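Summary of the model geometry
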Amino acid sequence: MENVTDITKQKYLSVKEIIAYSLGLFGFQAIVGLLNSYQAEFDGSILGVDIGLVGILILIAKIVSAVADPIVGGMVERSKSKFGKFKSMIIYSIAPLLVMSAVVFIDVPFKENKMVTYIWIFVTYLIWSIAMTMGDVPSQGIAAALTPNPTERTNVVSISNTAKQIGFSACVVIVPIVCLIIPSGSKVFVKKGEIDNPMIASEYFWVAVLTAVLGCLLFALIPMINKERVVTESSEKVTAKDMLAALKGNKPLMLVIVSYFLGFGRQMAMGIQVQAANVLLGSQNLVAVLGIVTAIGSMISMAICPVLIKKLDEKKVYLIMSVYGFAASVFSFVIGHFWFRSPENMFLTVLFYASLFLIGLQFGAVTLMPMIMTADCVDYYEYETGKRIEGAAYSILTLTIKVCLALGVALGLVFVGVSGYSDTLKEIDAGTVAGFDVKTKDIIFFAYTVMPGILALLSTIPMFKYDIVGEKKAEISKALAERRGTTEE
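Residues numbered from 1 in each chain as written. Predicted model: local features only at pLDDT ≥ 70, side-chain atom pairs only at ≥ 80, totals over all residues. Heavy atoms only, no water.

Considering the overall build of the protein chain
When helices and strands are counted, the protein chain shows 24 helices and 0 strands. Of the contacts formed within the protein chain by residues at least 6 apart in sequence, a portion of 85% connects residues at least 24 apart. Of the roughly 19200 Å² of accessible surface on the protein chain, a fraction of 69% belongs to carbon and sulfur atoms. (Helix = DSSP H or I, 4+ residues; strand = E, 2+ residues; numbered from the N terminus. Contact = heavy atoms within 4.5 Å. Areas by Shrake-Rupley, 256 points an atom, 1.4 Å probe, with all protein chains shown as cover.)

See the structure below:
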């Protein structure tokens, strides 16, 4: 038997497993990022529906599909599959995720009938959301089962979530490439001050097909290569009531969930990134410029998070990043406000893009910390009750993430609607105006920066009471290792 007091010094994961898990999350999030960024624009420009109403439909579909989260969590908890309880569910999710990711971007022949079109949008997105849940819950939950070493777990979550963040933004690179390949496709580069031609229906569809195929192939690497090392038997059916009871009895997890809900606005920027690129830069194909600049800061943030955690702890790092995110967001808006009025000013231009990079430095807090903290909360619950509920805990987390993402997209699209975005696009197409006015730019950039910053600041309130850090976290890990009394390999 190993010396249980040295569990944090033991290495369980191979480099191959870390790469497979990271690439798997990259592929999965590439699909999620595509729908998050381009579905509303597709529905508005190709299907001809109101973009603000689409945001509301997405939100409703997410809430309705929430019933799938406890079901999937329960299936994971009581699975006896020879592949493993997490890996088996990932395998089941791949086919429906692949198919529905393409179906959402079909240019339907009945789009002149707006009522039928709205029903189509809602139903297809609802089915896609359920398929996404089937893959999301186990792929997040397996992080707590890959290794019993909490330090190693923090490192693999950091690495994999960096890949996850890159995957979420991958569509900003894939879309322009497909636009160049498709005959009669959109222009990728435009002259300053001109508005790019809108994407055509076939471009949206083939982007979706390419992203779905590549994403699912990479996602399949997780069940193919990774091993579930922290294994507990559970044959009991886990209901939504059981999950709520587990949440109620797990105060640290409740704090993490409440904090995430309060900070839902941090998801707004990705939800309106295509519209922001159109308004601020003159082309939706230049969304890569907005996405990559911020993504670089985000990747750096997640790379340094494990170092910061070692010097401080998860709670302090979360608080610091959230307060910093508010300050960086307000600074970026101020710079943008003046740049919109003097776009030829090179100094303001450099500051504008630098400010987007600075915003990205906060995103380790929203993408990485909840994953690490939830894994710690799973350990805490097992320490207190003797029951290990990764499936239930991560189904709660993934439900929270999805609802918050939908809330962020809906709120962002409300700002887009208020800004006059759709009406201005029609006027640009008719040739009556040359581009978007500074008022529209200010409103959309406010939604892109300041609103996420304000809500990031609000999310810190519950975190002041979170205490699974430092000596308490170490004590829990040691006690669990002693209870198991065996070496997980």
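As for the environment of V172
Inspection of the secondary structure puts V172 in helix α7 (residues 171-181). You can call V172 buried: its relative accessible area is 2%. With 134 residues separating them along the chain, V172 and Y38 place their C-alpha atoms 9.7 Å apart. (Buried < 20%, exposed > 50% of the residue type's maximum accessible area, 1.4 Å probe, protein only.)

A look at the confidence of the model for the protein chain
Across the protein chain, pLDDT averages 81, with 87% of residues at or above 70. Segment residues 1-5: pLDDT under 50, and 11 contacts once partners within four positions in sequence are set aside and those in other chains are kept. Of the regions scoring below 50 in pLDDT, residues 187-196 engages in 26 contacts with residues more than four places distant in sequence or in other chains. (pLDDT = per-residue confidence, 0-100.)

Some remarks on helix α13 (residues 273-281)
Burial analysis of α13 places 9 of its 9 residues in the buried class, which makes it a mostly covered element. Among the residues making up α13, those that are buried are Q273, V274, Q275, A276, A277, N278, V279, L280 and L281. Positive phi shows up at G282, right after α13, with a value of about 90°.

A look at the side chain of S22
Within the secondary structure, S22 is located in helix α1 (residues 15-45). Leave out the neighbours within four places in its chain, and S22 touches I159, S160 and A163.

A look at the pattern of salt bridges
For the coordinates displayed, the defined rule picks out 5 salt bridges. Between D442 and R341 there is a salt bridge, and its shortest N-O distance comes to 2.8 Å. You can see D442 sitting in helix α21 (residues 438-448) and its partner R341 sitting in helix α15 (residues 314-341), a full 101 residues away along the chain. R341 sits in the partly exposed class, given a relative accessible area of 40%. For D467, the salt bridge identified is with K472, shortest N-O distance 3.0 Å. Given the relative accessible area of 35%, D467 is considered partly exposed. Judged by relative accessible area, which is 32%, K472 ranks as partly exposed. Overlapping salt bridges, with partners in common, bring together E314, D376 and K473 in one network. (Salt bridge = Lys/Arg side-chain N within 4 Å of Asp/Glu carboxyl O.)

Focus: the nonpolar core
F105, W128 and Y466 are the most contacted members of the largest nonpolar core, which totals 140 residues. Take this core: its biggest share by element is 13 residues, from helix α19 (residues 390-419). Beyond its immediate sequence surroundings of up to four residues, F105 is in contact with L34, L35, Y38, Q39, F42, Y204, F205 and A208. (Core = buried A, V, L, I, M, F, W, Y, C linked by side-chain atoms within 4.5 Å.)

A word on the packing of aromatic side chains
This structure, assessed with the given rule, holds 20 aromatic pairs. Seen from their ring centres, F205 and W206 are 5.3 Å apart, and the 75° between their planes marks the pair as edge-to-face. A relative accessible area of 26% places F205 in the partly exposed class. Summarising the aromatic geometry, the rings of W339 and F340 are spaced 6.0 Å apart at their centres and angled 50° between planes, so their arrangement reads as tilted. (Phe/Tyr/Trp six-rings, centres within 6.5 Å; stacked < 30°, edge-to-face > 60°.)

Points about a nonpolar patch on the surface
A surface patch of nonpolar side chains, about 820 Å² in accessible area, is lined by V173, I177, I181, I292, I296, I300, I304, L308, L312 and I320. Those elements giving two or more residues to the nonpolar patch turn out to be α7 and α14 (287-311). If one sorts the elements of the nonpolar patch by residue count, α14 sits on top with 5 residues. Along the chain, L308 turns up in helix α14. Residue L308 is classed as partly exposed on the basis of its relative accessible area of 30%. (Patch = residues over 30% accessible without salt bridge, like charges linked within 9 Å, V, L, I, M, F, W, Y side chains within 5 Å.)

Describing the packing of helix α4 (residues 85-103) against helix α8 (residues 201-219)
The relative placement of two packed helices comes down to the angle between their axes together with the axis-to-axis distance. It is at 8 Å that the axes of α4 and α8 come closest, and there the two elements cross at 170°. By the angle between their axes, α4 is roughly antiparallel relative to α8. Listed contacts from α8 to I90, S93, I94, L97, L98, S101 and A102 of α4 are F205, A208, V209, A212, V213, C216 and F219. The class makeup of the residues in the contact of α4 with α8 is 12 nonpolar, 2 polar and no charged. (Axes fitted to C-alpha atoms, helices over the stretch in contact; angles between N-to-C directions. Parallel < 35°, antiparallel > 145°, perpendicular 65-115°, else oblique. Nonpolar A, V, L, I, M, F, W, Y, C, P; charged D, E, K, R; others polar.)

Comments concerning the environment of K87
Checked against the element boundaries, K87 lands in helix α4. Overall, the relative accessible area of 13% leaves K87 in the buried class. In this structure, the C-alpha to C-alpha distance between K87 and S139, residues 52 residues apart in sequence, is 7.8 Å. Sequence-distant contacts of K87, defined by excluding residues within four places in its chain, comprise I142, I222, P223, N226, K227 and E228.

Regarding helix α16 (residues 346-360)
The periodicity of an α-helix, 3.6 residues per turn, causes residues three or four places apart in sequence to face the same way. Its 15 residues give α16 an end-to-end C-alpha distance of 22 Å, which sits within 8% of 21 Å, the value for a rise of 1.5 Å per residue. Taken together, the buried positions of α16 are occupied by L348, T349, F352, S355, L356, I359 and G360. In an axial view of α16, the angular spread of the buried residues amounts to 150°, which keeps them on one side of the axis. Facing away from the buried surface of α16 by more than 90 degrees, the exposed residues are M346, F347 and V350. For α16, the side-chain oxygen to backbone nitrogen distance between the N-cap and F347 is 3.0 Å, and the N-cap itself is N345. (Expected span 1.5 Å × (residues − 1). Arc of directions from axis to C-beta. Polar contact = N/O pair within 3.5 Å; in protein donor to acceptor, adjacent residues only side chain to side chain.)

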